[in-house]
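The lines below spell out each chain.
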Amino acid sequence: MLIAVLVMGALVAYYFGLRAGGYAAAAVFGLSLLALFVPRFALPIQLLLAVGAVAAWRIGSRRPRPPDAVLAVRFIRGAVARLWSLLFGDRDR
């Protein structure tokens with residue numbers, strides 16, 4: 001459930017901006033909780049989330065990136081590069 005929230009929020013944030021990504025993550029979290037407590041609706045909710053992820057990818061890939069998403073991606077890439085360098089950097093010492 002948590003992985004779905006993070007992936008869908010990041011996907012929508014990348015294509016549509018940080019605010020839309022936050023809204024999408026909150027909606028996915030709510031739907032996942034509903035699927036957890038009402039198992040009868042679990043399969044339709046999971047199918048809805050899968051269709052939503054594919055739709056966000058298909059529609060978002062044709063749009064220009066919003067400025068806040070570009071800055072967020074640069075920040076995350078830099079943080080990952082620093083972490084990678086810290087963990088697997090100069091091992092000769």
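Before any of the text, the structure's been laid out above.
Residues numbered from 1 in each chain as written. Predicted model: local features only at pLDDT ≥ 70, side-chain atom pairs only at ≥ 80, totals over all residues. Heavy atoms only, no water.

Examining the nonpolar core
Thinking step 1. V5, M8, V12, A24, A25, V28, A35, A42, I45, L49 and A56 form the largest nonpolar core, which has eleven residues in total.
Thinking step 2. Elements with a contribution of two residues or more to this core: α1 (2-16), α2 (18-37) and α3 (42-60).
Thinking step 3. In this structure A56 touches L11, V12, Y15, F16 and S61, once residues within four positions along its chain are discounted. (Core = buried A, V, L, I, M, F, W, Y, C linked by side-chain atoms within 4.5 Å. Buried < 20%, exposed > 50% of the residue type's maximum accessible area, 1.4 Å probe, protein only. Helix = DSSP H or I, 4+ residues; strand = E, 2+ residues; numbered from the N terminus. Contact = heavy atoms within 4.5 Å.)

Let's talk about the packing of aromatic side chains
Thinking step 1. In this structure the tally under the stated criterion is two aromatic pairs.
Thinking step 2. Plain terms: the ring middles of Y14 and Y15 are 5.0 Å apart, the flat faces sit at 70 degrees to each other, and that makes the pair edge-to-face.
Thinking step 3. Using a relative accessible area of 32% as the deciding quantity, one classes Y14 as partly exposed.
Thinking step 4. Given the relative accessible area of 8%, Y15 is considered buried.
Thinking step 5. With a centroid separation of 4.6 Å and 50 degrees between ring planes, the pair formed by W84 and F88 is classed as tilted. A residue pair is termed a helical-turn pair when its members lie 3 or 4 positions apart in one helix, as W84 and F88 do in helix α4 (residues 67-88) at four residues.
Thinking step 6. Given a relative accessible area of 56%, W84 falls into the exposed group. (Phe/Tyr/Trp six-rings, centres within 6.5 Å; stacked < 30°, edge-to-face > 60°.)

Details of the packing of α1 against α3
Thinking step 1. With their axes 9 Å apart at the nearest point, α1 and α3 run at an angle of 20 degrees to one another. As judged from the angle between their axes, α1 and α3 are roughly parallel. The element α1 and its partner α3 pack so that their crossing is left-handed. Touching M8, L11, V12, Y15 and F16 of α1 are L49, G52, A53, A56, W57, I59 and G60, all from α3.
Thinking step 2. Grouping the constituent residues of the contact of α1 with α3 by class yields ten nonpolar, two polar and no charged. (Axes fitted to C-alpha atoms, helices over the stretch in contact; angles between N-to-C directions. Parallel < 35°, antiparallel > 145°, perpendicular 65-115°, else oblique. Left-handed = near helix turned anticlockwise from the far one by under 90°. Nonpolar A, V, L, I, M, F, W, Y, C, P; charged D, E, K, R; others polar.)

Quick notes on α4
Thinking step 1. Over its 22 residues, α4 runs 31 Å from end to end, which matches the ideal 32 Å to within 8%, given 1.5 Å per residue.
Thinking step 2. All of the buried residues in α4 are A69, A72 and V73. On an axial view of α4, the arc spanned by its buried residues comes to 100 degrees, and they lie on one face. α4 presents P67, L71, R74, F75, R82 and L86 as exposed residues on the side facing more than 90 degrees away from its buried surface.
Thinking step 3. Check the buried side of α4 and you find it contacts α1 and α2. (Expected span 1.5 Å × (residues − 1). Arc of directions from axis to C-beta.)

Some details on the side chain of S32
Thinking step 1. Within the secondary structure, S32 is located in helix α2.
Thinking step 2. Overall, S32 belongs to the buried group, its relative accessible area being 11%.
Thinking step 3. A distance of 2.8 Å separates a polar atom in the side chain of S32 from the backbone oxygen of V28.
Thinking step 4. Excluding its chain neighbours within four sequence positions, the residues that come into contact with S32 are M1 and L49. (Polar contact = N/O pair within 3.5 Å; in protein donor to acceptor, adjacent residues only side chain to side chain.)

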